[in-house]
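Listed below are the residues making up each chain.
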Amino acid sequence: MEAYAKALLYAIPFFMLLLAAEILYGYFIKNQKYKVMDTVSSISSGFTNILKDSLGLGVVLISYPFLLEQIAFTEIKATWLVWFAAFIFIDFAGYWNHRLNHKINLFWNQHVIHHSSEEFNLACALRQPVSNLIAYFPLLLIPAALVGVPYEIIAVLAPIHLFAQFWYHTQHIRKMGWLEYIIVTPSQHRVHHAINPEYIDKNLGQILSIWDRLFGTFQEELDGVPPQYGVLKPAATWNPVLINFQHVWRIIKDAWRTQSYWDKLRIWFMPTGWRPTDVALKYPIPIIEDIYHFERYKTDSSKALNWYAIFQLFATLGFLLFMFYNYANIGFKDLLIFGAFLFVGVYGYTTLMDRTRYAIFIEVIRGILGISFIVYAKDWFGINAYFSFGSFLIGCYFLITILAAVYFSYLEKDNSNKVIINPEHL
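Note that the structure is predicted; figures quoted are calculated from it, not measured.

Novice: Explain the overall build of the protein to me, please; I cannot follow it from the model alone.
Specialist: Looking only at helices and strands, one finds 18 helices and two strands in the protein. Relative to its length of 426 residues, the protein is compact, with a C-alpha radius of gyration of 23 Å against a globular reference of 22 Å. Seen along its three principal axes, the alpha-carbon backbone of the protein occupies a region of about 65 × 55 × 55 Å. Taking contacts inside the protein between residues at least 6 apart in sequence as the whole, the part at least 24 apart equals 77%. Within the protein, one finds 32 positive and 31 negative side-chain charges whose respective centroids are separated by 4 Å.

Here it is in structure tokens:
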């Protein structure tokens, strides 16, 4: 985990720079694809995901080294051909994992966060899950294990394969000619993220587009069918933690409410969106029917709240980078405490972005707990060793969090009876 944390020290700033480049490009060509609240929500979702992964939270059903030891019928050396084959195995497994996430009710829960944004830009690529607490992906790598692909190669290629899926989440790159027949391109992935009937559950490949063409899930972006983004049951929140568990909570409620014991069991493994007939009739869930005219999610927010959301985003980024930089020195027990502060922080400020009434309680309590921790420990997880005034600055951050929660929950709304207009773009 320490090596992963160190890698993130470089990967996170790199991704943030690419986001900034796309935002600036959209600004200069007067075709902005970013909105403040959606962008903060997307990046915050990425923060929760890397936080979960860096702390090793979850259960591995079976590991690749175990599979390799048990079922490999040969042992092969790490030649360039083996590296190439390993990449093909990972991409093939990725296609079927992606298809599983789209087609099975339970598995959709860990993927819906990625599709929840009603925008399409590099930031939405960072909408990654925290609900994938049971790791089963090595099972899809059985073909690689059978031929003895070394674990070291898989360990190196897997994160590279993941990071290589970032760049094609953009609307600024059109079709790419002959490359459309080989790799997944921005045009193909726009189709994948769209809710148009022509595009639903298409283009499930991750790096190579050949799997979609082979298995019948390929769909070209059509000139007369502009992609509309999001999910048919809108998330209607900026809170990535809530989005991560919305779908499974619906399944739980449907399984509890249905009178059929068979439906209580099979609902988990039925096609995505399937519901027992009796429950669907009694408890209907609104679904977008007119994809070109549905009301996209937005909340009442002033320029001040937009800038405050951006402030919280960069503060959380700073916390994360410090955590990864000081990972080995903090220790696992304190890392869990640090992680809890960050996780609750994301939950708190995105709840405030939603203008949810209970947001003030979360923000005030976490602010008080943060200040209390600093007073008790006389430090913030070792930051004073790098900056003599470090813990003082962290204390100021928590004080700002408390004051802002009060202001945006009560004072700003009380100052005007008018609807606060949400500035659409950065």
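From this point, the discussion proceeds with the structure in view.
Novice: Is there a simple way to explain the side chain of T401 in this structure?
Specialist: The residue T401 is located in helix α18 (residues 390-414) in this model. Side-chain polar atoms of T401 contact the side chain of Q312, separated by 3.2 Å. Those residues in contact with T401 that lie beyond four places of it in its chain are Y308, Q312, E363 and R366.

Novice: What is the right way to look at the pattern of salt bridges in this model?
Specialist: It is possible for side chains of opposite charge to pair when their charged atoms get near one another. In total, this model carries 10 salt bridges according to the counting rule given. Between D201 and K103 there is a salt bridge; the shortest N-O distance is 3.7 Å. Of this pair, D201 sits in the loop between α9 (186-193) and α10 (210-215) while K103 sits in helix α4 (residues 80-103), and the two are 98 residues apart along the sequence. On the basis of relative accessible area, D201 is assigned to the partly exposed category, the value being 21%. For K103, a relative accessible area of 36% gives the class partly exposed. A salt bridge links R190 to E221; the nearest nitrogen and oxygen atoms lie 3.0 Å apart. Residue R190 is located in helix α9, and its partner E221 is located in the loop between α10 and α11 (240-257); the two are separated by 31 residues in the primary sequence.

Novice: Explain the packing of α11 against helix α16 (residues 332-353) to me, please; I cannot follow it from the model alone.
Specialist: Each pair of packed helices can be described by the angle between their axes along with the distance between the axes. Look at α11 against α16: their axes get within 8 Å of each other, and the N-to-C directions meet at 90°. By the angle between their directions, the pair α11 and α16 is classed as roughly perpendicular. Packed against α11, whose contacting residues are P240, V241 and L242, the element α16 presents F343, V346, Y347 and T350 at the interface. Its residues assigned to classes, the contact of α11 with α16 shows six nonpolar, one polar and no charged.

Novice: I keep staring at α4 and nothing clicks. Help me out?
Specialist: In an α-helix, one full turn covers 3.6 residues, which means residues spaced three or four apart are oriented alike. The end-to-end C-alpha distance of α4 is 35 Å, a good match for the 34 Å that 24 residues give at a rise of 1.5 Å each. Among all positions of α4, only V82, A86, I90, D91, A93, G94, Y95, N97, H98, N101 and H102 are buried. In this structure, the buried side of α4 is in contact with α5 (105-108), α6 (112-115), α8 (151-163), α9 and α10.

Novice: In this structure, what is going on with helix α17 (residues 359-377)? I would like to understand it.
Specialist: Between its first and last C-alpha, α17 extends 27 Å over 19 residues, near the 27 Å set by a 1.5 Å rise per residue. For α17, every residue scored as buried is listed here: A359, I360, I362, E363, V364, R366, G367, G370, F373 and I374. Immediately beyond the C-terminal end of α17, within one or two residues, lies K378, with a positive phi of roughly 60°.

Novice: What exactly am I supposed to notice about the nonpolar core here?
Specialist: A general feature of soluble globular proteins is that nonpolar side chains tend to end up buried together. With 56 residues, the main nonpolar core has L19, F324, F338 and W380 as its most contacted residues. Broken down by element, this core gets its largest block of residues, 12 residues, from helix α14 (residues 303-325). Each residue touching F324, except ones within four places of it in the same chain, is listed here: A5, K6, L8, L9, I12, I50 and S54. Listed in part, the 15 residues of the second largest apolar core include L67, L68, I90 and A144.

Novice: Sorry if this is basic, but what is going on with the packing of aromatic side chains here?
Specialist: Where two aromatic rings form a pair, the distance of their centres and the angle of their planes describe that pair. Going through the model one piece at a time under the given rule, you end up with 36 aromatic pairs. Ring geometry for F14 against F15: centres 6.0 Å apart, planes inclined by 50°, an arrangement best described as tilted. Judged by relative accessible area, which is 13%, F15 ranks as buried. Over the face of the ring belonging to F218 we find R213, whose NZ or CZ atom lies 3.8 Å from the ring centre. Lying over the aromatic face of Y283, R257 brings its terminal NZ or CZ to 3.9 Å of the ring centre.

Novice: Is there a simple way to explain the environment of N97 in this structure?
Specialist: As for its placement among the helices and strands, N97 is situated in helix α4. When its relative accessible area of 15% is taken as the criterion, N97 is described as buried. C-alpha of N97 to C-alpha of T351: the two residues are 254 residues apart in sequence and 31 Å apart in space. Ignoring anything within four residues of it in the chain, the contact list for N97 reads Y136, F137 and L140. A distance of 2.6 Å separates polar atoms of two side chains, one belonging to N97 and the other to Y136.

Each value, and the rule that gives it
- Residues numbered from 1 in each chain as written.
- Predicted model: local features only at pLDDT ≥ 70, side-chain atom pairs only at ≥ 80, totals over all residues.
- Heavy atoms only, no water.
- Helix = DSSP H or I, 4+ residues; strand = E, 2+ residues; numbered from the N terminus.
- Rg over C-alpha atoms; globule rule 2.2 N^0.38 Å.
- Contact = heavy atoms within 4.5 Å.
- Lys, Arg positive; Asp, Glu negative; His and termini not counted.
- Charge placed at Lys NZ, Arg CZ, Asp CG, Glu CD.
- Polar contact = N/O pair within 3.5 Å; in protein donor to acceptor, adjacent residues only side chain to side chain.
- Salt bridge = Lys/Arg side-chain N within 4 Å of Asp/Glu carboxyl O.
- Buried < 20%, exposed > 50% of the residue type's maximum accessible area, 1.4 Å probe, protein only.
- Axes fitted to C-alpha atoms, helices over the stretch in contact; angles between N-to-C directions.
- Parallel < 35°, antiparallel > 145°, perpendicular 65-115°, else oblique.
- Nonpolar A, V, L, I, M, F, W, Y, C, P; charged D, E, K, R; others polar.
- Expected span 1.5 Å × (residues − 1).
- Core = buried A, V, L, I, M, F, W, Y, C linked by side-chain atoms within 4.5 Å.
- Phe/Tyr/Trp six-rings, centres within 6.5 Å; stacked < 30°, edge-to-face > 60°.
- Lys NZ or Arg CZ within 6 Å of the ring centre and 35° of its normal.

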